[in-house]
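# Structural overview
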Amino acid sequence: MADAKRASTISAKTLLKRLTVRSETRAGYARAKFGRGWKAQGKGCDTRAVVLRSESRSRTTQTRNCTIKRGKWRSQYDGRVVRRASKLDIDHRVPLAEAWDSGAKKWTKKTRIAYANDLGYAESLVAVTARSNRAKGDGDIAQWLPSKSRCSYTARYVAVKYRWRLAVDKREKRAITRVFSGCGRRGLKVAKPGRASVKTGGNSAPAPPPSSNDPRFGTCGVAIAHGYGPYYRGRDPEYSWYIDRDRDGIVCER
């Protein structure tokens, strides 16, 4: 049994080493490219209902059309216990926009819908308080961490990226590494993720404009929103146009 348990888990540090590191762009992102709403999963239930039922610590109640009403959930992000399902969001561990930035822009629409409704790995979707989910937004690990269980959150985030062959950018990987440095070995163990079926082609975003065409926006935030950056010291002339706040030689990082 011990050998089987070891085989079913893996260190998130190991998975992090297997992720591709490359720059990211949000150019072309739209929520609708991952489908409109939750996918039907049979018996009148959708993805949201399935996740709520599986994560509830007590028997759930529901309407005839499979809208979950009550149960008992502990939100991973802030530790709050919730009994009314209406107070919960189903969060994508790796946000849809972040998935787009790090590889999903090249996927088929069918693959993106499968990602948005991934019930094949328990860490992909999680029921959390609406308040904590709003605070997270589309942030990656460099931009947002929960108030509770940061080690396990980050480890599971990496596992989902590995499952779906998503990349990390340099700043994101540094942030993940910082979190891991404060975690014990046990805190970085995750259920070993199976590789999802990923198909590319069609509906891909156009390549971001070359950096030499940057019209010199007022801030990096505006430049990034238009698909520009990052810029590197000593390589890109645009580097001197923006403020390198963390002095790492890179500006307009995503």
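Conventions we followed
Residues numbered from 1 in each chain as written. Predicted model: local features only at pLDDT ≥ 70, side-chain atom pairs only at ≥ 80, totals over all residues. Heavy atoms only, no water. Helix = DSSP H or I, 4+ residues; strand = E, 2+ residues; numbered from the N terminus. Buried < 20%, exposed > 50% of the residue type's maximum accessible area, 1.4 Å probe, protein only. Polar contact = N/O pair within 3.5 Å; in protein donor to acceptor, adjacent residues only side chain to side chain. Contact = heavy atoms within 4.5 Å. Phe/Tyr/Trp six-rings, centres within 6.5 Å; stacked < 30°, edge-to-face > 60°. Lys NZ or Arg CZ within 6 Å of the ring centre and 35° of its normal. Disulfide = S-S within 2.5 Å.

It is worth spelling out the side chain of Asp91 at this point. Within the secondary structure, Asp91 sits in strand β7 (residues 88–92). On the basis of relative accessible area, Asp91 is assigned to the buried category, the value being 5%. At 2.5 Å, the side chain of Asp91 and the side chain of Tyr77 are in polar contact. Ignoring anything within four residues of it in the chain, the contact list for Asp91 reads Tyr77, Ser124, Leu125, Val126, Val128, Asn133 and Lys136.

This part is about the packing of aromatic side chains. Tallying each qualifying case throughout the model produces ten aromatic pairs. Taken together, a centroid distance of 5.3 Å and an interplanar angle of 90° make the contact between Tyr77 and Tyr153 edge-to-face. Here Tyr153 lies in helix α7 (residues 150–163) and Tyr77 lies in the loop between β5 (68–74) and β6 (81–84), a separation of 76 residues in the sequence. Across the pair, exposure class does not vary: Tyr77 and Tyr153 are buried alike. Connected via pairs of aromatic rings, a cluster forms that spans Tyr29, Phe34, Trp100, Trp107, Tyr115 and Trp164. Its guanidinium or amino end placed over the ring of Tyr162, Arg195 lies 3.8 Å from that ring's centre, counting from NZ or CZ.

With that out of the way, let us pick up the state of the cysteines. Scanning all chains against the criterion turns up three disulfides. Residue Cys151 pairs covalently with Cys183 via a disulfide, S to S 1.9 Å. Across the disulfide from Cys151 to Cys183, rotation about the S-S bond amounts to roughly -95°, and the bridge is consequently left-handed. Here the residue Cys151 occupies a position in helix α7, and Cys183 occupies one in the loop between α8 (170–181) and β9 (189–191), the gap between them amounting to 32 residues. A sulfur-sulfur distance of 2.0 Å marks the disulfide that ties Cys220 to Cys252. The S-S bond linking Cys220 to Cys252 shows a torsion near -85°; that makes this disulfide left-handed. In this pair, Cys220 sits in helix α9 (residues 220–225) while Cys252 sits in the segment after β11 (250–251), placing the two residues 32 residues apart along the sequence. For Cys220, a relative accessible area of 18% corresponds to the buried category. With its bonded cysteines labelled in order along the sequence, the protein chain shows the pairing 1-2, 3-4, 5-6.

Take it as geometry only, folks, not as evidence of what the structure does.
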